[in-house]
Amino acid sequence: MLSVLRVHLPSDIPIVGCELTPYVLLKRPDKSVTNEDVPESAPVDGCFLRYKWYRIQSDRKVTICSVHPSEQATLQCLGCVKAKIPVAKSYHCSPKCFSDAWQHHRVLHERAASAVSENGTEEEELFGRFNSTGSASLPSSQSNSNLANGTAPVYPTAIAQRSGGETWFEVGRSKTYTPTADDIGHVLKFECVVVDAETKLPVGHTNTLLTSRVIPAPSPSPRRLISVGGAEVMGHLDADGRISSVGTFTVLSYNILSDVYATSELYSYCPSWALSWPYRRQNLLREIVGYRADIICLQEVQSDHFEEFFAPELDKHGYQALFKRKTAEVFSGNINTIDGCATFFRRDRFSHVKKYEVEFNKAAQSLTEALVPIAQKKTALSRLVKDNVALIVVLEAKFSNHGIDNLGKRQLVCVANTHVNIHHELKDVKLWQVHTLLKGLEKIATSADIPMLVCGDFNAVPGSAPHTLLAMGKVEPMHPDLAVDPLGILRPASKLAHQLPLVSAYSSFARTGVGLSLEQHRRRLDPATNEPLFTNCTRDFIGTLDYIFYSADTLSVESLLELLDEESLRKDTALPSPEWSSDHIALLAEFRCMPRPRR
C-alpha cells in the first residue's frame, strides 16, 4: 500500500510571497521509495495524496521584529509612527536590538523629515512603495494572481477548528502554498494523508508539520534617482512610475548572483532562508521591476531561471527578453543551471533590430591557431577557454529627441552586456576578453555610427588594465597587469587600444553639479578613479567590479541611481542579505541621446 515515510520543509521560516514546497517521501506498493507526487488524477494502487494547509490564528496579535524577522517584537519606535514610516520598520525584539540598530534606523527618520520639509509630503521613492501594513507592495501581477493555492478559496470563511484560543483557517489544498500578507505573524500547518480513490476516505496516519511564524518579505531601503545636476528627479515619474523626461531612457546593470553560487559555505553570514532561491527570486524581481528601467542587463542568470521565471515574469511588465548562455566547455554541472547574460527592453520604448553573440571560447580558438605554436596550443587553450560570453543588442528607440536636426532619423542604440572571467590571477585573460569585446563593438560602431552602452560585471577593479582600456582607450606598456602574459597575447602593448569614446556613467557624480545629494554621493566615490567605492560587498571582499560605460559623443548622463554606503550594509555583515539578494548592487543611469553632428 502507498504510505508516507517522511515530510519536511527545506526552509524553516515562511516568507510572504515565497512558495513553500514540502518534501514528501513516499513508499510505493512495490517497496520503492520516491518523492514524486501522486495526484487524484493518477492514483497508485487505488490511492492518492491529499494535501491541506491551515493558518493557525491566535487570538493574540503578534508583531515581527524589523531587524530579526524570525523574532517576535516587544517594542515599537514611536518616532516612526509619528513620521509615518512604514509600520513594519518600527518594531524591535529587544531594547538592545533597537539600540544596536539605531545608527541605521535613524536614517529612516532623517529621510522622512527631509521628504516632508522639501515636498510638504512624504516623497515616493523610485524603488520601494509600501502599503498600509508596512510590507513592500508587490507588482499587481504578483500580488494576487498566483496565490490561489489549490482548488480551495484562499480565505474560506468556514472555521476548520478552534481550540484553546486558536482558530485554524484552511488556506490551501495543493502541495505547495504561497504565504500572503494575512499570514504574517501566524504559524502554518501542513497536512498530508493517503486517501482511498473510491471512498475518498483517509487511509492510515495523517502526516503534519508546523512552520515557524510567517514573516513579511524584508523590503530594501528605497534608492533614489539623483540628477547629476544635483536635484532628485522623483517628481518626474509618469503614470507608470517611470522617468518621463522627453528623449531620455534608463539602463540597469545587475549581477543577480546565480543560485548555484549562493551557498551557505560562501555566504555563511546570510540566513539560509534569505539564500534560498524561492525567496531571492521574488526579492530580486521586486527590486528589478521597481527600478522601471527601459533596458535591463542582468548577469549570472541561470538558463532554467531565465526560461521559467525572469522571461515570463518580466514579460508581464512589458519587457522583451534576449539571452546568451555561457558556453559549456569548462562547466561540468547540470546544463540547465549554466548562467549567462540576459538583456530585457521595454516593448513600448524600443524595438529589436539585431543581436550579436560573443563567445570568448571561439575567439580563443582563433587566437591560438593564429599566434600560438602547435606545441603550446593545449596549454594556451586551457588558460583562455573559460566559457565567458557577451550579448550585444541593437535597439531602435520608439521615442524622439524632438531635435530639429534629428527629424525623420532612426534613433538606434547598441547595448553590450557581459560577464568577464572571475579568476584574479588570470589578468591577461580578463584584459584579452575586454579587448576582444571592444574590437567587436568598434566594428559595429563603424558600420552603424550609433550610441554605445557597455554594461556588465567586468571582474576588474578601477585602475586595472581592463578598466583602464575601457575608460582611457588604451593601456600603457608599463601597466603592472601586463607583467602577467605567459602566452604573449598582450604584445605589443600598442595594440591594446580602441577608438570608442567610452566614459563610465557613475564618474558623472564627480564631474558635474553642486548640491547636497551630489556631495553625499561624491563621498561614495573613489577620488582617484571617480568610480564607486564598491559594487560588490562580501565579508572577504569589497570593491567595484560592475560598470555602465557609454559613448560620450552620442549620449549624456542625466541622472544616476544613488549608491549604497558600506555602513548600511554591514548591519547584516555583507551582501547578500535578507534585504538585498545579490552580493552585487544594481547600477542604473538615465541617458539622453545627443543630436548627431552634421557631416
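Everything below is about the structure shown above.
About the thresholds
- Residues numbered from 1 in each chain as written.
- Predicted model: local features only at pLDDT ≥ 70, side-chain atom pairs only at ≥ 80, totals over all residues.
- Heavy atoms only, no water.
- Helix = DSSP H or I, 4+ residues; strand = E, 2+ residues; numbered from the N terminus.
- Expected span 1.5 Å × (residues − 1).
- Buried < 20%, exposed > 50% of the residue type's maximum accessible area, 1.4 Å probe, protein only.
- Arc of directions from axis to C-beta.
- Contact = heavy atoms within 4.5 Å.
- Pairing = 2+ DSSP bridges.
- Salt bridge = Lys/Arg side-chain N within 4 Å of Asp/Glu carboxyl O.
- Phe/Tyr/Trp six-rings, centres within 6.5 Å; stacked < 30°, edge-to-face > 60°.
- Lys NZ or Arg CZ within 6 Å of the ring centre and 35° of its normal.
- Axes fitted to C-alpha atoms, helices over the stretch in contact; angles between N-to-C directions.

Focus: helix α7 (residues 360-371)
In this model, α7 (12 residues) spans 16 Å end to end at C-alpha, consistent with the 16 Å of a helix rising 1.5 Å per residue. Among all positions in α7, only Phe 360, Asn 361, Ala 364, Leu 367 and Thr 368 are buried. Taken end-on, α7 shows its buried residues confined to a sector of 115°, consistent with a single buried face. Opposite the packed face of α7, turned more than 90 degrees from it, sit the exposed residues Lys 362, Glu 369 and Ala 370. In this fold, the buried residues of α7 make contact with β16 (350-359), α8 (377-384), β17 (389-397), β18 (412-419) and α9 (427-448).

What to know about the pairing of strand β15 (residues 339-346)
Burial analysis of β15 places eight of its eight residues in the buried class, which makes it a mostly covered element. Here strand β13 (residues 295-302) runs beside β15; their pairing, made up of six bridges, is antiparallel. Counted as the bridge partner of Leu 298 is Ala 342 from β15. Bridge analysis of strand β14 (residues 319-325) against β15 gives seven bridges, and the strand direction is antiparallel. Looking at β15, one finds that Leu 322 is bridged to Thr 343.

Remarks on the pattern of salt bridges
Counted under the stated rule, the structure contains 24 salt bridges. The partner of Arg 570 in a salt bridge is Glu 566, and the shortest N-O contact between them spans 3.0 Å. Linking Arg 570 with Glu 566, this pair stays in helix α13 (residues 566-570), spanning four residues, or about one helical turn. By relative accessible area, which is 29% here, Arg 570 ends up partly exposed. Glu 566 gets classed as partly exposed once you look at its relative accessible area, which sits at 35%.

Looking at the packing of aromatic side chains
The final tally for this structure, using the stated rule, is 21 aromatic pairs. Aromatic side chains Phe 249 and Phe 350 sit 5.6 Å apart centroid to centroid with 85° between the ring planes, which places their arrangement in the edge-to-face category. Residue Phe 249 is found in strand β12 (residues 248-255), and its partner Phe 350 is found in strand β16; the two are separated by 101 residues along the sequence. A residue is classified by how much of its surface remains accessible, and Phe 350, at 1% relative accessible area, is buried. On the basis of an interplanar angle of 40° and a centroid distance of 5.6 Å, the ring pair of Tyr 547 and Phe 549 is categorised as tilted. The buried category is assigned to Tyr 547, whose relative accessible area is 1%. The class of Phe 549 is buried, set by a relative accessible area of 0%. Each residue in the set Phe 249, Phe 350, Phe 399, Tyr 550 and Phe 591 is aromatic and connected to the rest through ring pairs, giving one cluster. Between Arg 346 and the ring centre of Tyr 319, over which it is positioned, the NZ or CZ distance is 5.3 Å.

Here's the deal with the sheet that holds β18
If you walk across this open sheet you meet the six strands as β16-β17-β18-β19-β25-β20, and the pairing is mixed. Taken across any chain shown, the strands that pair with only one partner, and hence form the sheet edges, are β16 and β20 (502-504). For this sheet, the mean angle separating the axes of adjacent strands, direction not counted, is 20°. Pairing geometry for strand β19 (residues 452-457) and strand β25 (residues 546-551), over five bridges, is antiparallel. Its bridge partner lying in β25, Val 454 is registered against Phe 549. This element, α7, spans β16, β17 and β18 of the sheet and lies at about 45° to β16. Against the sheet, helix α10 (residues 465-472) contacts β19, β20 and β25, and its axis sits at roughly 20° relative to β25.

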